[in-house]
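# Descriptive analysis of the structure
Listed here are the chains, written in short residue letters.
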Amino acid sequence: MTDPIPPEVNPAYAFLAEQIGLLGSRDPLDVLTETEGRLRDVTANHSAETLRHRRTEGKWTPLEILAHMADMEWIFGFRARTILCDAQPRLPEIDQDAWIQRQRPNNLDPDSVVESFRALRGVNLEMWRRTTTEDRQRTGEHVGAGITISLGTLLLVQAGHDLRHLLQLQDALA
């Protein structure tokens, strides 16, 4: 796969390239399709107490990781639709740590978090499957990162984001 990240000197591009690199030769839609089952396995095989346990100070609990993935499903869907539908869109930045802190996901039922993810992912997969090659060339400006990103690159990043956090979940549960 050709690296879709421009060579500009910006740490955000390196971060995106790192996430995309986790895909290897895998199809991003296959990864996005498989993630829900992997999250369901996490909640089926671990108690709520285990998922709320913070192994390392300053790191997210497994349930916080699950909640972050659900939050980002909403964000990725919004960003994708903004690039797809708006002219010269500007994509907002979020503070993911503030989202976790202020929403207190450790107070939630783990299955309900995965159910939220499932519902959002289903809607987003329908949208991704309808996009054309031409659609995926459309771009938007990620304001906080100071980068321009195509819809096609966003798809790759989203799949890499899944893989990154699935690895993080494994580590948090080890």
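Residues numbered from 1 in each chain as written. Predicted model: local features only at pLDDT ≥ 70, side-chain atom pairs only at ≥ 80, totals over all residues. Heavy atoms only, no water.

### As for the overall build of the protein chain
The following threshold applies: Working definition: helices are DSSP H or I runs of at least four residues, strands are E runs of at least two. Numbering for both runs from the N terminus. This radius of gyration counts C-alpha atoms alone. The globule rule is 2.2 Å times how many residues there are, raised to the power 0.38. Buried means the residue's accessible area, taken with a 1.4 Å probe over protein chains only, is under 20% of the maximum for its type, while exposed means over 50%, and partly exposed covers the values in between. We call two residues contacting when some pair of their heavy atoms lies within 4.5 Å. To measure how exposed things are, a 1.4 Å probe is used in the Shrake-Rupley method; for residues, cover is taken only from the protein chains shown. Only four residue types enter the tally: Lys and Arg on the positive side, Asp and Glu on the negative side; His and the chain ends are excluded. Lys charges are placed at NZ, Arg charges at CZ, Asp charges at CG and Glu charges at CD.
For the protein chain, the helix and strand inventory stands at seven helices and three strands. Of the regular secondary structure in the protein chain, the N- to C-terminal order runs α-α-α-α-β-α-α-β-β-α. Its C-alpha atoms give the protein chain a radius of gyration of 16 Å, within 12% of the compact-globule value 16 Å for 174 residues. Principal-axis analysis of the C-alpha atoms gives the protein chain an extent of 45 × 30 × 30 Å. Residues classed as buried in the protein chain amount to 44% of the 174 residues present. Here the analysis covers contacts within the protein chain between residues at least 6 apart in sequence; of these, 76% occur between residues at least 24 apart. When the accessible surface of the protein chain is totalled, it reaches about 9400 Å², and 49% of it is carbon and sulfur. Treating the 19 positive side-chain charges of the protein chain as one cloud and the 26 negative ones as another, the clouds have centres 2 Å apart.

### Brief notes about the side chain of Asp162
Quick reminder of the rule: A 3.5 Å cut-off defines polar contacts: any pair of N or O atoms within that distance qualifies, except that in protein one atom must be a possible hydrogen donor and the other a possible acceptor, and neighbouring residues in sequence count only when both atoms are side-chain atoms.
Looking at where Asp162 falls in the secondary structure, it is placed in helix 7 (residues 151–173). At a separation of 2.8 Å, a polar atom in the side chain of Asp162 contacts the side chain of Arg121. What Asp162 contacts, discounting residues up to four positions off in sequence, is Val31, Leu32, Thr35, Met69 and Arg121.

### Describing the nonpolar core
Here is the rule: Only buried residues count toward a nonpolar core, which is a set of Ala, Val, Leu, Ile, Met, Phe, Trp, Tyr and Cys residues joined through side-chain atoms within 4.5 Å.
Within the largest apolar cluster, 43 residues are counted, with the highest numbers of intra-cluster contacts made by Leu32, Leu39, Leu66, Trp128, Ile149, Leu154 and Leu169. Residue contributions to this core peak at 11 residues, all from helix 4 (residues 62–85). The residues contacting Leu32, other than those within four sequence positions of it, are Arg121, Leu125, Trp128, Leu155, Gln158, Ala159 and Asp162.

### Topic: the packing of aromatic side chains
This is how it is decided: Two rings belonging to Phe, Tyr or Trp (six-membered ring only in the last case) form a pair when the distance between their centres is within 6.5 Å. Interplanar angles under 30 degrees mark stacking, angles over 60 mark edge-to-face geometry, and anything in between is tilted.
Under the defined criterion, the tally for this structure stands at two aromatic pairs. Geometrically, the ring pair formed by Trp74 and Phe78 is stacked, given 6.3 Å between the ring centres and 10 degrees between the ring planes. Taken together, the residues Trp74 and Phe78, both in helix 4 and four residues apart, mark about one turn of the helix. Exposure remark for Trp74: the relative accessible area of 48% places this residue in the partly exposed category. For Phe78, a relative accessible area of 40% gives the class partly exposed. Relative to Trp99, the ring of Trp74 lies with its centre 6.2 Å away and its plane at 45 degrees, an arrangement referred to as tilted.

### A closer look at the layout of surface pockets
The following threshold applies: The method works on a 1 Å grid over the protein atoms by themselves. A cavity is a set of points holding a 1.4 Å probe that cannot get out, a pocket is an open set with protein on both sides within 12 Å along at least five of seven lines, and residues with an atom within 4 Å of a point line them. Grid points are joined across faces, edges and corners, and a volume is the space filled by probe spheres set on the points.
Roughly 470 Å³ of volume is contained in the largest pocket. Along its surface, the largest pocket is lined by 20 residues, and Phe15, Met72, Arg79, Gln96 and His142 are the ones closest to its centre. Listing elements by their share of the lining of the largest pocket, those giving two or more residues are helix 1 (11–21), helix 4, strand 3 (147–150) and helix 7.

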